[in-house]
Amino acid sequence: MVARHFYVAMQQVIRSVLILLFPLSFITLFTWATAGSTYGSTGDPLRAAVWLWLGAHLTPFNVVSNGVNGYLSFLPIGSLLIISILIRSGYKRALDNLSNQKVTRTYFIISYILIYTLLALSAINTQVKIDWLRGLPTLLVILLISTSTKKIDNLIRLPLYLFLILIGISGLIFTLSLLINFSTAKNLLIVIQPGVLGGLLLVLLQILYLPNIFFITFSYLIGSGFSFGRDTYISPFIFDLSEIPAIPILAALPKKEFPVVSLFSISIVIVGIIVFNKINKVNLDRKSIIQLRMRFIVSSVIFIGFLAWITSGELLSENMAPIGVNPLIISSVIAANLLLALVITQLIARISNNKKSKGRL
């Protein structure tokens, strides 16, 4: 029985891995072949495919190659969405063949970690090493979330959906900024001169980074801002940026301070008021209501801080670190706005109760 569970889980894990690893191998082999290199072997592009696969799992790298000596942890969240879909698909297939959900999930996670470890060990060389201390815990979180079958509670679903709406609005604002600065983006693309294949890969990479960019835009709009390299900070009130890499999508970056956009932080207050009103309508005692409010605030702060952590990082050189949102700053801004929403909700409830009391008299 144990052997069968392990075999079925491993079979589906290998399937989930190869669905992405095969296309990545084709891309790296084709790129290597068209580059016309007279050095190296076909093992180099295959190793690069494994690096891309590991990077899709948000696994950071320590890189020492051709004068580059740095840490790569600023990785695309868009690729994580693909990984989650593949993991969930493989897990469901394994679950269809096995009856025990708990046992199937355990064996699937163990099998995936085993394949991940073997691929990581096969790709390590003197130039590139992975950060095991961050890579394995991140992988475990991805697996636990992707294989979870629990339904989201309504009190969690509501703020989550509202938050996704705010991220979507942030994405629209970013897109508008990019369209306004389209000529700058075009000039940056001309500077790179990536060619046809390189251009396609560059576009794909920028698409995968869009979730990171949208979250960074959200942080900028609510006033917490972000960094784009050493000694830089960009927010509606501070603009400290000297230069940027020649990446077209970065044309949407602001050129100066825009304090007025920080009014977008009102949206956090509105979300808080909506959720607190929903909590107040729950048929529970006063102590339980207070606990739900505090749980919402704490979980929101932790969730946003975690997103800031995984969507930010370092980009190889010291000059390109850190990139993204500071978890402590954005968590503080979210906490302050939610506490303000709680105060407003309580004042409104008190005024409403006073009016009802006077009406009865």
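These figures come from a predicted structure and were not determined experimentally. (Residues numbered from 1 in each chain as written. Predicted model: local features only at pLDDT ≥ 70, side-chain atom pairs only at ≥ 80, totals over all residues. Heavy atoms only, no water.)

*Asks:* Describe the packing of aromatic side chains, and please don't skip the residues or the numbers.
*Replies:* Following the criterion strictly, the structure yields 13 aromatic pairs and no others. Among the aromatic residues, those joined into a cluster by ring pairs are W53, Y91, F108, Y112 and Y116. (Phe/Tyr/Trp six-rings, centres within 6.5 Å; stacked < 30°, edge-to-face > 60°.)

*Asks:* How would you sum up the sheet that holds strand β1 (residues 61-65)? Please name residues and give values.
*Replies:* Strand order in the open sheet formed by four strands is β3-β1-β2-β7, with antiparallel pairing between adjacent strands. Bordering the open sheet on either side are β3 (128-130) and β7 (315-316), each of which pairs with just one other strand. Sheet analysis places β1 next to β3, joined by three bridges and oriented antiparallel. By the bridge assignment for β3, N62 is matched with K129. (Pairing = 2+ DSSP bridges. Helix = DSSP H or I, 4+ residues; strand = E, 2+ residues; numbered from the N terminus.)

*Asks:* Which residues make up the environment of I222, and what are the values?
*Replies:* Residue position: I222 is located in the loop between α9 (210-221) and β4 (227-228). Remark: the alpha-carbon pair of I222 and V333, spanning 111 residues in sequence, is separated by 7.8 Å. Apart from the residues within four sequence positions on either side, I222 is in contact with F264, S265, I268, I330, V333 and I334. (Contact = heavy atoms within 4.5 Å.)

*Asks:* Tell me about the pairing of β1, residues and numbers included.
*Replies:* Because side chains alternate across β1, one face comprises the buried residues F61, V63 and S65, and the other comprises N62 and V64, none of which is buried. Pairing of β1 with strand β2 (residues 68-72), which is carried by five bridges, proceeds in the antiparallel orientation. For N62, the partnering residue across the bridge sits in β2 and is Y71. (Buried < 20%, exposed > 50% of the residue type's maximum accessible area, 1.4 Å probe, protein only.)

*Asks:* Can you lay out empty space enclosed by the protein for me, pointing to particular residues and giving the numbers?
*Replies:* This structure, assessed with the given rule, holds one cavity of 30 Å³ or more. There is about 50 Å³ of room inside the largest cavity. In terms of lining, the largest cavity is formed by L58, S73, L75, R134, T138, W309 and I310. Where the lining of the largest cavity is concerned, the elements lending two or more residues are α5 (132-146) and α11 (286-310). Split by residue class, the lining of the largest cavity holds four nonpolar, two polar and one charged. (1 Å grid on protein atoms, 1.4 Å probe; cavity = no way out; pocket = protein on both sides within 12 Å on 5 of 7 lines; lining within 4 Å. Points joined across faces, edges and corners; volume = space filled by probe spheres on them. Nonpolar A, V, L, I, M, F, W, Y, C, P; charged D, E, K, R; others polar.)

*Asks:* Give a description of the layout of surface pockets that names residues and reports values.
*Replies:* Empty space within the second largest pocket amounts to approximately 1,200 Å³. Lining the second largest pocket are 33 residues, with L80, L81, I145, F303 and L307 sitting closest to its centre. The set of elements that each furnish at least two residues to the lining of the second largest pocket consists of α3 (77-97), α5, α6 (154-180), α9 and α11. Looking at the lining of the second largest pocket element by element, the count peaks at eight residues for α5. By residue class, the composition of the lining of the second largest pocket is 24 nonpolar, six polar and three charged.

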